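Fold and contact review
Residue strings, one per chain:
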Amino acid sequence: MTDEHSLMLQPDVAGLEKAAALLAGGGLVSFPTETVYGLGADARNDTAVAKIFAAKGRPSFNPLIVHVADLAGAETFCVFNDTARALAQAFWPGALTLVLPLRADAAVSQLVTAGLGTLGVRVPDHPVALGLLARFGGPVAAPSANPSGRISPTTAAHVAAGLGGRIDAIVDGGACPVGVESTIVNCVGEPALLRAGGIPLEALEACLGRPLARLADPAVPTAPGQLESHYAPRGKVRLNAPYAEEGEVLLGFGPVDADLNLSAAGDLTEAAARLFACLHQLDAMGAERIAVSPIPDHGLGQAINDRLKRAAAPR
Ligand code: TXA
Ligand code: MG
């Protein structure tokens with residue numbers, strides 16, 4: 001790790017081999033997934049995982065998601081029931097994290113699970129992430145690659161701006177296509193939604209053939225992104241604003257006269273992909289008061305509204 005900057009790697013064979021070697025040596029490597037950039041470390045290596053918390057300045061009660069190459073890899077760490085296996089088969093590789101009982105013999109650092117008896121696991125749907133996992137050949141613990149409490153990165157430049165110099169390398173795989181984090185489903189017992197994300201609730205329910213329970217108590221500290229002021233830009237955020245008041249910058253959705261627009265066409269997929277880049281841009285503009293257009297609360301709109309509510313929470 002250098003003092004001023006992290007190594008910027010290309011997503012080619014040489015870059016992926018270097019990234020895998022850094023992981024094997026206990027280093028920290030940020031890499032693109034379809035959702036957001038992750039900050040990866042060898043999930044079996046306590047020291048390496050501890051470095052993730054140090055680099056992010058993250059409260060240590062927050063467990064990490066482990067990224068694996070395929071379902072067989074996930075089964076070596078977790079106990080799957082029929083529901084979990086059906087969800088994995090339907091949505092992996094993809095933006096779905098399953099929380100499952102940790103196998104007694106699982107070689108995963110206690111820091112990854114924050115001492116819980118469960119593990120969050122997923123197979124990312126991104127050629128660079130999958131290429132890195134194949135070359136590394138082991139489980140990669142990776143939270144989003146942002147300093148704790150700041151907006152998740154969807155480009156290598158976002159990662160460099162937040163964590164440059166504090167991590168060994170960044171693999172530049174361009175902009176993340178989905179743009180919001182994975183959906184998290186707790187599959188210990190009856191399946192329950194822990195975090196809205198890149199796979200819409202409706203798609204999960206169609207697969208299950210029944211409604212998915214929501215987390216009973218959103219204040220439970222194992223819930224993802226549960227810190228209320230997570231995802232916050234520096235400015236004060238006002239939601240469901242049909243138009244901006246004096247002194248506000250409008251983050252629009254749909255055909256409105258906005259300073260920045262998540263999707264002028266009113267397309268939720270485009271809005272999700274642009275959400276964090278727009279929040280970063282509001283910071284860059286020095287926006288102090290931000291009004292946000294109403295966003296429909298279905299499909300990816302649920303994940304977008306969840307992140308925006310956190311952005312607007314008092315802090
Ligand atoms: O899309 C994503 O999920 C991205 C990319 C990099 O994969 N990762 C991500 O990680 O968003 P992170 O650490 O920023 O958020 C993961 C959330 C945490 O808030 C944590 O509470 C939850 O997952 N989580 C992880 N393991 C868990 C467990 N065993 N039980 C409950 N929640 C868990
Ligand atoms: Mg995060």
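Residues numbered from 1 in each chain as written. Chains lettered and ligands numbered in written order. Predicted model: local features only at pLDDT ≥ 70, side-chain atom pairs only at ≥ 80, totals over all residues. Heavy atoms only, no water.

**Thoughts on the sheet that holds strand 15 (residues 289-292)**
Under the convention used in this document: Any two strands between which DSSP finds at least two bridges are classified as paired. Per the convention used, a helix needs a DSSP run of H or I reaching at least four residues, while a strand needs a run of E reaching at least two, with both numbered from the N terminus.
Strand order across the open sheet formed by four strands is 12-15-13-14, with parallel pairing between neighbours. Looking at strand neighbours, the two that pair on one side only are strand 12 (236-238) and strand 14 (260-261), the edges of this open sheet. Pairing between strand 13 (residues 249-252) and strand 15: three bridges, direction parallel. Bridge pairing in strand 15 links Leu250 to Ala291.

**So, the confidence of the model for the protein chain**
Applied cut-off: Within a predicted model, pLDDT stands for the predictor's per-residue confidence, ranging from 0 to 100. Any pair of residues with heavy atoms lying within 4.5 Å of one another is described as a contacting pair.
For the protein chain, the mean per-residue pLDDT works out to 91, and 93% of the residues sit at or above 70. Here residues 217-226 is a poorly scored stretch, pLDDT under 50, and it has 19 contacts once near neighbours within four places are set aside; other chains count.

**Focus on the pairing of strand 3 (residues 37-42)**
Each regular strand displays side chains that alternate between the two surfaces of the sheet. Test applied: A 1.4 Å probe rolled over the protein chains alone gives each residue an accessible area, and that area as a share of the maximum for its type sets the label: buried under 20%, exposed over 50%, partly exposed in between.
Across the six residues of strand 3, six count as buried, placing the element largely inside the fold. Two elements, strand 2 (residues 29-32) and strand 3, share four bridges in a ladder whose sense is antiparallel. Pairing of Val29 across the sheet is with Gly40, part of strand 3. As consecutive antiparallel partners, strand 2 and strand 3 are separated by four residues. The sheet contact formed by strand 3 and strand 7 (residues 140-141) spans two bridges and is antiparallel. Opposite Ala41, over in strand 7, you have Ala141 as the bridge partner.

**Overview of the pattern of salt bridges**
Note the threshold: A carboxyl oxygen of Asp or Glu within 4 Å of a side-chain nitrogen of Lys or Arg is what we treat as a salt bridge.
Enumeration over the complete set of coordinates arrives at 15 salt bridges. Its salt-bridge partner being Asp82, residue Arg85 comes within 4.0 Å of it at the nearest N-O pair. Of the two residues, Arg85 and Asp82 both sit in helix 4 (residues 82-91), three residues apart, roughly one turn of that helix. A relative accessible area of 65% places Asp82 in the exposed class. Between Arg238 and Glu245 there is a salt bridge; the shortest N-O distance is 3.9 Å.

**Overview of the packing of helix 4 against helix 8 (residues 201-208)**
For any two helices packed against each other, the geometry comes down to the angle between their axes and how far apart the axes lie. Going by this rule: Note on geometry: axes are C-alpha line fits, over the in-contact stretch for helices, and angles between N-to-C directions span 0 to 180 degrees. We call two directions roughly parallel when the angle between them is under 35 degrees, roughly antiparallel when it is over 145, roughly perpendicular when it lies between 65 and 115, and oblique otherwise. Throughout, a crossing is termed right-handed when the near helix is turned clockwise from the far one, and left-handed when it is turned anticlockwise from it by less than a right angle. Any residue outside Ala, Val, Leu, Ile, Met, Phe, Trp, Tyr, Cys, Pro, Asp, Glu, Lys and Arg is labelled polar, Gly included; the first ten of those are nonpolar and the last four are charged.
Viewed as axis vectors pointing N to C, helix 4 and helix 8 meet at an angle of 125°, and their least axial separation amounts to 10 Å. The orientation of helix 4 relative to helix 8 falls into the category oblique. Helix 4 and helix 8 meet at a crossing whose hand is right-handed. Contacts between helix 4 and helix 8 involve Thr83, Ala86, Leu87, Ala90 and Phe91 from the first element and Ala203, Leu204, Cys207 and Leu208 from the second. Residues that form the contact of helix 4 with helix 8 fall into these classes: eight nonpolar, one polar and no charged.

**Concerning the nonpolar core**
For soluble globular proteins, the rule of thumb is that nonpolar side chains tend to be buried together. Counted only if it meets this: Residues grouped as a nonpolar core are buried Ala, Val, Leu, Ile, Met, Phe, Trp, Tyr and Cys residues, joined through side-chain atoms within 4.5 Å.
Membership of the largest hydrophobic core comes to 49 residues, with the highest contact counts inside it found for Phe80, Leu87, Trp92, Leu96, Leu98 and Val112. At the level of secondary structure, the elements contributing two or more residues to this core comprise strand 3, helix 2 (46-56), helix 3 (71-75), helix 4, strand 5 (96-101), strand 6 (118-122), helix 7 (156-163) and helix 8. Among the elements that take part in this core, helix 2 stands out by supplying five residues, more than any other. The next biggest cluster of nonpolar side chains, apart from the first, holds 28 residues, and it includes Val249, Ala272, Leu282 and Leu300.

**A word on the packing of helix 1 (residues 13-24) against helix 6 (residues 127-136)**
With their axes 9 Å apart at the nearest point, helix 1 and helix 6 run at an angle of 55° to one another. With respect to helix 6, the element helix 1 is oriented oblique. Viewed along their axes, helix 1 and helix 6 form a crossing whose handedness is right-handed. Residues Val13, Leu16, Glu17, Ala19, Ala20, Leu23 and Ala24 of helix 1 form the contact with helix 6, whose own contacting residues are Val128, Gly131, Leu132, Arg135 and Phe136. In the contact of helix 1 with helix 6, the residues fall into nine nonpolar, one polar and two charged.

**A few points about helix 1**
Rules: What a helix is expected to span follows from its residue count: subtract one and scale by 1.5 Å. This arc corresponds to the set of directions leading from the helix axis out to the C-beta atoms.
For helix 1, built from 12 residues, the straight-helix expectation of 16 Å at 1.5 Å per residue is met to within 8% by its first-to-last C-alpha distance of 16 Å. Turning to helix 1, its buried residues are Gly15, Leu16, Ala19, Ala20 and Leu23. For helix 1, the buried positions fall inside an angular range of 130° around the axis, keeping them on one side. Those residues of helix 1 that are exposed and aimed more than 90 degrees away from the buried face are Ala14 and Ala24.

**A look at the packing of aromatic side chains**
Going by this rule: In summary, the pairing rule links any two rings of Phe, Tyr or Trp, Trp by its six-membered ring, whose centres are within 6.5 Å, and it sorts them by plane angle into stacked for under 30 degrees, edge-to-face for over 60 and tilted for everything else.
The final tally for this structure, using the stated rule, is one aromatic pair. Geometrically, the ring pair formed by Phe80 and Trp92 is edge-to-face, given 6.2 Å between the ring centres and 80° between the ring planes. Highlighted residues: Phe80 in the loop between helix 3 and helix 4 and Trp92 in the loop between helix 4 and strand 5, separated in sequence by 12 residues.

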